[in-house]
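A look at the structure
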Amino acid sequence: MPATPSPSRSTGSRRRHDLESPAPGLLRQADVVRATAPPPEPLAAPRRSGVALVASLLGFTVITIDVSAVNIALPAIRDSLSGGMAGLQWVVDAYTLMFAALMLSAGALADRTGARRAYSWGVALFTLASLGCALAPGIGVLVGARVAQGAAAAVVMPASLALIRQAYEDARARARAIALWTVGGSLAMAAGPVLGGLLTDAAGWRAVFLLNLPVGAVILGLLARVPRSPRRPAALDGAGQLTAVVALAGLAFAVIEGGHLGWTSGPVLTAAALALAAGYAFLVAEARHRQPMVPLGILTNRRVAVPLAVGFAVNAAFYGGIFLLGLYYQQLRGMSGTAAGLMFVPMSAVVTATNLVSPRLAERIGRRPVIVAGQLIFSGAMLAMLPLTAHTPVWLVLVLLLPLSVGGAVAVPALTALLMDAVPQERAGAASGLLNSFRQMGGALAVALFGSLLSGPAGSFCLPGMRIGLLAVAALLLVTAALTRLLLPRG
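Criteria and cut-off values
- Residues numbered from 1 in each chain as written.
- Predicted model: local features only at pLDDT ≥ 70, side-chain atom pairs only at ≥ 80, totals over all residues.
- Heavy atoms only, no water.
- Helix = DSSP H or I, 4+ residues; strand = E, 2+ residues; numbered from the N terminus.
- Buried < 20%, exposed > 50% of the residue type's maximum accessible area, 1.4 Å probe, protein only.
- Contact = heavy atoms within 4.5 Å.
- Core = buried A, V, L, I, M, F, W, Y, C linked by side-chain atoms within 4.5 Å.
- Phe/Tyr/Trp six-rings, centres within 6.5 Å; stacked < 30°, edge-to-face > 60°.
- Salt bridge = Lys/Arg side-chain N within 4 Å of Asp/Glu carboxyl O.
- pLDDT = per-residue confidence, 0-100.
- Patch = residues over 30% accessible without salt bridge, like charges linked within 9 Å, V, L, I, M, F, W, Y side chains within 5 Å.
- Areas by Shrake-Rupley, 256 points an atom, 1.4 Å probe, with all protein chains shown as cover.
- Axes fitted to C-alpha atoms, helices over the stretch in contact; angles between N-to-C directions.
- Parallel < 35°, antiparallel > 145°, perpendicular 65-115°, else oblique.
- Left-handed = near helix turned anticlockwise from the far one by under 90°.
- Nonpolar A, V, L, I, M, F, W, Y, C, P; charged D, E, K, R; others polar.
- Polar contact = N/O pair within 3.5 Å; in protein donor to acceptor, adjacent residues only side chain to side chain.
- Expected span 1.5 Å × (residues − 1).

1. Some remarks on the overall build of the chain
Assigned secondary structure in the chain consists of 19 helices and 0 strands. The buried share of the chain, taken over its 491 residues, is 58%. A fraction of 84% describes how many contacts in the chain between residues 6 or more apart in sequence connect residues 24 or more apart.

Right, dumping it as structure tokens:
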């Protein structure tokens, strides 16, 4: 489908501004608001607008902290629940996979129920699921509670932005509110590892989840002071959503368990076959649905397909790297959770600073060169980590991680803006949700791959396996960089 130009230069500029995200791990949802948010109520009093912003910011912050904080708590979870490497992979991926799959239709749910109601449901479920995580007696219960957390986070994300859209009718005030929302997410991503390490060392890994309870209660209290959101008709694609969940779960099971049960074992082959069948059923369901959550026609546009592939690869590198480093610091180097968390602070600071520069760089030299450069830097980051051992000086580890900090932050703002400009305005929500899903899938499958390769004898950290995973992700980034160079326009 050919791209539809923006109605005006100022509109296109405003759209790109809203989509600038502070970190490669953060989701891009500004266009979901435009495409899926219900018509706003008359402007609320400034105090009520501020309450809505604080409630939205707290929700986005808590689901972002949860991702990075849990990565630092994984060794403690393993020691407490005896889940093994496969169990740790599922603790991460159960959350990410549900997040990825349900993001496809979460915007429609917010439309049908109203932003405030959907947000309340999402926050309440996330809070209860966090309690379930904290009280989990075994790894199976913990993974189940993480599934519920991921489903809740998928509802919270678009509904939180829709709430801001409702509260701020003035475009400038809304832009400032969204900027605060994204900055909050950036700070949460940086604070997550440190907070996770501090809580784990001081009170145990369960405290990482218990922290969500008072925050959830505060959010629900604030929402009681926010005006009700109007509803509007929006089609829900049940068949497409179900088959998407089954396909992603089957694929993740095959990758995670393949490294432990054997790639030709019966359960692994069955899961792979189920993933293929569910994927085909998903395509059939989307082709037949009158209002599919993924309009298949947009995938024939290379300015859509290539950014989706790049988003997948970039998040595979970023979240795969975070998962790997959390285990490397604690299992191989013997660092405490707090020390391991502090190792991520310089990287997060560089990510935030680079993200501020990337949009200006794209305007100066074009999006395609910026996207290609970001992927090449990220590929170099994977290669730079190959020499890491248990005795690599800490200062050298931090230097080697600089490319990991820069690559995604350079590429993601430009590729997101390019994707949004490539689709008609009425498809912006679907395209944004699809990009977020691809990015989360990349992170989930990278965690599955690295976890399968990192597990050595008696659960030890396997350096050769780490290097194989790094080489695989580096090769993927080189492929997507080549596709970007060949298939996307320079401007």
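Once you've had a look at it, read on.
2. A short note on the nonpolar core
Membership of the largest hydrophobic core comes to 143 residues, with the highest contact counts inside it found for Ile63, Tyr329 and Met382. Excluding residues that lie within four positions of it along the chain, Tyr329 makes contacts with Gly334, Met335, Ala340, Met343, Phe344, Val397 and Leu401.

3. Digging into the side chain of Ser358
Checked against the element boundaries, Ser358 lands in helix 14 (residues 345–365). Ser358 sits in the buried class, given a relative accessible area of 1%.

4. Observations concerning the packing of aromatic side chains
The full count for this structure, using the stated rule, is 7 aromatic pairs. With a centroid separation of 6.1 Å and an interplanar angle of 85 degrees, the aromatic rings of Trp205 and Phe209 are classed as edge-to-face. Among the residues examined, Phe209 registers a relative accessible area of 1% and is labelled buried. In this structure an aromatic cluster arises from ring pairing among Tyr328, Tyr329, Phe344 and Phe461.

5. Re the pattern of salt bridges
Tallied over the entire structure, the rule returns 3 salt bridges. For Asp66, the salt bridge identified is with Arg146, shortest N-O distance 2.5 Å. With Asp66 in helix 3 (residues 46–81) and Arg146 in helix 6 (residues 139–167), the pair connects residues that are 80 residues apart, well separated along the chain. For the pair Asp66 and Arg146, a shared accessibility class is recorded, and that class is buried. The partner of Arg78 in a salt bridge is Asp79, and the shortest N-O contact between them spans 3.0 Å.

6. A look at the confidence of the model for the chain
Taken as a whole, the chain shows an average pLDDT of 82; of its residues, 87% reach a score of 70 or greater. In the model of the chain, helix 1 (residues 9–19) stands out as the element of lowest mean pLDDT, 40, in contrast to helix 8 (residues 206–210), which has the highest, 95. Low pLDDT (under 50) marks residues 1–44, which in the prediction has 132 contacts with non-local residues, meaning those over four places away or in another chain.

7. Details of the environment of Ala287
Examined against the element boundaries, Ala287 turns out to sit in helix 11 (residues 266–288). Each C-alpha atom, one on Ala287 and one on Gly240, is 9.7 Å from the other, the two residues being 47 residues apart in sequence.

8. Section: a nonpolar patch on the surface
There is a patch of nonpolar side chains on the surface, built from Leu356, Val357, Leu361 and Ile365 and spanning about 330 Å² of accessible area. Of note, Leu356 is situated in helix 14.

9. Re the packing of helix 5 (residues 115–135) against helix 9 (residues 212–223)
Running from N to C, helix 5 and helix 9 cross one another at 160 degrees; their axes reach a closest spacing of 9 Å. Viewed along their axes, helix 5 and helix 9 adopt a mutual orientation that is roughly antiparallel. Crossing of helix 5 against helix 9: the hand is left-handed. Across the interface between the two elements, Arg116, Tyr119, Ser120, Val123, Ala124, Phe126, Thr127, Ser130 and Leu131 from helix 5 touch Asn212, Leu213, Gly216, Ile219, Leu220 and Leu223 from helix 9. The class makeup of the residues in the contact of helix 5 with helix 9 is 9 nonpolar, 5 polar and 1 charged.

10. Considerations on the packing of helix 12 (residues 302–332) against helix 19 (residues 463–487)
It is the contact of helix 12 with helix 19, at a shortest axis distance of 10 Å, that shows an interaxial angle of 160 degrees. If you check the angle between helix 12 and helix 19, you find them roughly antiparallel. For the pair helix 12 and helix 19, the sense of crossing is left-handed. Judged by residue contacts, Arg302, Val306, Ala309, Val310, Phe312, Ala313, Val314, Ala316, Ala317, Leu324 and Leu332 of helix 12 engage Leu463, Met466, Leu470, Val473, Leu476, Leu477, Thr480, Leu483, Thr484 and Leu487 from helix 19. Residues that form the contact of helix 12 with helix 19 fall into these classes: 18 nonpolar, 2 polar and 1 charged.

11. Focus on the side chain of Thr416
Counting through the fold element by element, Thr416 comes out in helix 17 (residues 402–421). Polar contacts involving the side chain of Thr416 include one to the main-chain carbonyl oxygen of Val412, which spans 2.8 Å.

12. Some remarks on helix 19
Between the first and last C-alpha of helix 19 there are 36 Å, a value that for 25 residues agrees with the 36 Å anticipated at 1.5 Å per step. Those residues of helix 19 not exposed but buried are Leu463, Gly465, Met466, Gly469, Leu470, Val473, Ala474, Leu477, Thr480, Ala481 and Thr484.

13. Notes on the environment of Leu213
Within the element layout of this structure, Leu213 appears in helix 9. Ignoring sequence-local partners within four residues, the contact set of Leu213 consists of Thr127, Ser130 and Leu131.

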